[in-house]
Amino acid sequence: MAHHPTRVVVNLQAVRDNVRTLRVRLGPRTAIMAVVKANAYGHGDLAVARAALEAGATWCGVATLEEAIRLREGGIKASLLVMGYTPPAAVAEVLHYNVRITLFSLADAAAFARFAQASQKPIRAHIKLDTGMGRLGFLPTEAPAALEALRQQPGLVIEGAFTHLCCAESDPDFSRHQIAQFDVLTRHLGLPWRHACNSAGALSYPEGRFDMVRVGLVTYGLSPWGAQPPAEMMEGFRPALSLRTRIVSLKTLPDGAGVGYGARYRCAGERRIAVIPIGYGDGFRRAPTHFGEVLVRGQRAPVVGSVCMDQSMLDVTHIADVQVGDEVVVIGEQGFDCITAEEVAARLGTINYEVVTALSARPRREYVSL
Ligand SMILES: *Cc1c(COP(=O)(O)O)cnc(C)c1O
């Protein structure tokens, strides 16, 4: 039984609605791969994968083989692509769990192929091309020879090729250049699955949709453009995640009293200080900057003193009628106010992707459909 007040509440109806909104924007022909790596960006991989598949996604994308195996063991039957590195030593699991791998090295490909031939079961793979990300993939100069060699390699079934946009939300010219380059390199191959677009790309570049898009962030209702998306771009998407806790202790401290480790905060006058059972052990970051403020009774309460591993303190002097047990919203809506992941990202000097993904495993995921 889970009674601890700190939890990540995930609205699976928002996930389903976001996938359906995407479907409308894409039209009927482009398949949707729900990207659920890193525990579905902190939202909980199995629940999100099931919701996205119910709403029309047909693939799930992950970063590691372990993540794919978690999905399979959890009963997910959809096609799974490991988009990152898979060690050839894990080839038996790749076959056993029927997972598609990404190939970007001829040496690894040969190692996979040897085992596949020996066991008489083909490895299904997508080839990664680097059109500008500078990360995984064959460069355009190497791509034609690599594609040819891998397609000839017995033991491998090359069912797709893909690339990744590095600046989909910020540089349309370069993104279109990447898409065109990918198209030229792969168009004549007759591969069933060509894919290039992440969330921002899928919404921005119809010519880059090919057979499938790989969408993470917008599935969760978060904006790849941060707090200022281009007009109407995020219409129909809403955040699925909120982070909630409760006040577990409330006290009045006198003028000059210290709060927390190092007594870094000192009360200026008598202050009402509330304690919430959330800290950096939950992903409620301590330094170099913390979340700054949270919602109590629909109003903003500043975090005071250093954030501890399991607890943090709020100044609620200015909020009327605060009680032990009051709900505290760290990310999400309360009353007429809302703290978005984008707002937190701006405070922490990062992006909304990291805000939600950095929530730790400790706060339980609670699923609702609203
Ligand atoms: C994470 C990832 C995605 C999803 O990106 P979003 O911006 O969250 O949609 C797509 N493709 C690859 C290769 C990725 O690593």
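Refer to the structure presented above.
Residues numbered from 1 in each chain as written. Predicted model: local features only at pLDDT ≥ 70, side-chain atom pairs only at ≥ 80, totals over all residues. Heavy atoms only, no water.

Participant: I'm lost on the overall build of the protein chain in this one. Help?
Facilitator: Looking only at helices and strands, the protein chain features 11 helices and 20 strands. Along the first, second and third principal axes, the C-alpha atoms of the protein chain reach 75 × 45 × 35 Å. When the 370 residues of the protein chain are sorted by exposure, 54% land in the buried category. In the protein chain, of all internal contacts separated by at least 6 residues, the share reaching a separation of at least 24 is 65%. Accessible surface, the protein chain as shown: approximately 15800 Å² in total, 53% of it carbon and sulfur. (Helix = DSSP H or I, 4+ residues; strand = E, 2+ residues; numbered from the N terminus. Buried < 20%, exposed > 50% of the residue type's maximum accessible area, 1.4 Å probe, protein only. Contact = heavy atoms within 4.5 Å. Areas by Shrake-Rupley, 256 points an atom, 1.4 Å probe, with all protein chains shown as cover.)

Participant: What is the right way to look at the nonpolar core in this model?
Facilitator: Grouped burial of nonpolar side chains is what soluble globular proteins tend to show. Counting 118 residues, the largest nonpolar core has V36, V296 and L314 as the members making the most contacts within it. Looking at which element gives the most residues to this core, the answer is helix α1 (residues 12-26), with six residues. Inspection of this core shows a minimum of three residues originating in each of domain 1 (12-220) and domain 2 (241-339). Discounting chain neighbours no more than four positions away, the residues touching L314 are R272, I273, A274, I276, V294, V296, A301, P302, V303, V304 and V328. (Core = buried A, V, L, I, M, F, W, Y, C linked by side-chain atoms within 4.5 Å. Domains from an automatic or database assignment.)

Participant: Even after reading the chapter, I still don't get helix α3 (residues 45-54), so can you show me in this structure?
Facilitator: For an α-helix the count is 3.6 residues per turn, leaving residues at separations of three or four pointing the same way. Listed in full, the buried residues belonging to α3 are D45, A47, V48, A49, A51 and A52. Of the surrounding elements, those touching the buried residues of α3 are α1, β2 (31-35), α2 (37-41), β3 (59-62), α4 (65-73) and β20 (364-368). Phi turns positive one or two residues past the end of α3, at G56, with a value near 125°.

Participant: I'm lost on the state of the cysteines in this one. Help?
Facilitator: Formally, a disulfide is one covalent bond, and it connects the sulfur atom of one cysteine to the sulfur atom of another. In total, this model carries zero disulfides according to the counting rule given. Note on C308: no disulfide assigned, nearest cysteine sulfur contributed by C267 at a separation of 14 Å. (Disulfide = S-S within 2.5 Å.)

Participant: Looking at this structure, I do not really get the side chain of D45. What am I missing?
Facilitator: Relative to the assigned elements, D45 resides in helix α3. Those residues in contact with D45 that lie beyond four places of it in its chain are V36, N39, A40, R70 and L71.

Participant: Just to check I follow, could you spell out the pairing of strand β14 (residues 271-276) for this structure?
Facilitator: Successive side chains on a regular strand alternate, one facing one side of the sheet and the next facing the other. Judged from the five bridges that link them, strand β11 (residues 249-253) and β14 form a sheet pairing that is antiparallel. By the bridge assignment, L253 is partnered in β14 with R271. Bridge analysis of β14 against strand β17 (residues 312-315) gives four bridges, and the strand direction is antiparallel. Among the inter-strand pairings, I276 is bridged to a residue of β17, identified as S312. (Pairing = 2+ DSSP bridges.)

Participant: What is the right way to read the pattern of salt bridges from this model?
Facilitator: Where side chains of opposite charge bring their charged atoms close, a pairing between them can arise. Inspection of every chain in the model, using the stated rule, returns 21 salt bridges. D183 is the partner of R194 in a salt bridge, and the nearest nitrogen-oxygen pair spans 3.0 Å. Highlighted residues: R194 in strand β8 (residues 193-197) and D183 in helix α8 (residues 172-186), separated in sequence by 11 residues. In this structure, R194 and D183 share a single accessibility class: buried. Between R347 and E343 there is a salt bridge; the shortest N-O distance is 3.7 Å. You can see R347 and its partner E343 sitting in helix α10 (residues 341-348), four residues apart, about one turn around the helix. (Salt bridge = Lys/Arg side-chain N within 4 Å of Asp/Glu carboxyl O.)

Participant: What is the right way to read the site of the ligand from this model?
Facilitator: Every one of the 13 residues lining the ligand counts as a neighbour, but K37, Y41, S199, L217 and Y353 are closest to it. Between a nitrogen atom of the ligand and a side-chain N or O atom of H164, the distance comes to 3.5 Å. Contacts to the ligand include L217, whose backbone N or O atom sits 2.8 Å from an oxygen atom. Within the residue set of the shell around the ligand, elements represented by two or more residues are α2 and β9 (212-215). Among the residues forming the shell around the ligand, the class breakdown is six nonpolar, four polar and three charged. (Near = heavy atom within 4 Å. Polar contact = N/O pair within 3.5 Å; in protein donor to acceptor, adjacent residues only side chain to side chain. Nonpolar A, V, L, I, M, F, W, Y, C, P; charged D, E, K, R; others polar.)

Participant: Explanation requested: unusual backbone geometry in the structure shown.
Facilitator: Note: most peptide bonds trans; most residues except glycine with negative phi. With an omega of 5°, the peptide bond between A287 and P288 qualifies as cis. The residue P288 is located in the loop between β14 and β15 (293-296) in this model. A positive phi is found at E232, a non-glycine position, where the angle reads about 70°. Checked against the element boundaries, E232 lands in the loop between β9 and β10 (241-246).

Participant: What is the right way to read the pairing of β10 from this model?
Facilitator: Burial analysis of β10 places five of its six residues in the buried class, the great majority of the element. Summarising the sheet, strand β1 (residues 7-11) and β10 pair through four bridges and their orientation is antiparallel. Paired with V10 across the bridge in β10 is L241. Here four bridges tie β10 to strand β18 (residues 327-334), and the two strands are oriented antiparallel to one another. Bridge pairing links T245 to V328 in β18.

Participant: Which parts of the structure should I look at to understand the sheet that holds β9?
Facilitator: Sheet strands line up and pair through hydrogen bonds in the backbone, either parallel or antiparallel. Taken in spatial order, the eight strands line up as β4-β3-β2-β9-β8-β7-β6-β5 in an open sheet, and their pairing is parallel. At either end of the open sheet lies a strand with only one pairing partner, and these are β4 (79-82) and β5 (101-103). Averaged over neighbouring strand pairs, the angle between their axes works out to 30° when direction is ignored. Note: strand β7 (residues 156-163) against β8, three bridges, orientation parallel. (Axes fitted to C-alpha atoms, helices over the stretch in contact; angles between N-to-C directions.)

Participant: Looking at this structure, how should I read the environment of D211?
Facilitator: Here D211 is to be found in the loop between α9 (199-204) and β9. Residues within four places of D211 in sequence aside, it is in contact with R29, T30, A31, L191, P192, W193 and R194. Here the side chain of D211 touches R194 through a polar contact of 2.7 Å, landing on its backbone nitrogen.

Participant: I would appreciate a short explanation of the environment of P87 in the present structure.
Facilitator: Assignment of secondary structure puts P87 in the loop between β4 and α5 (91-96). Taking the C-alpha atoms as reference, P87 lies 18 Å from R72; in sequence the two are 15 residues apart.

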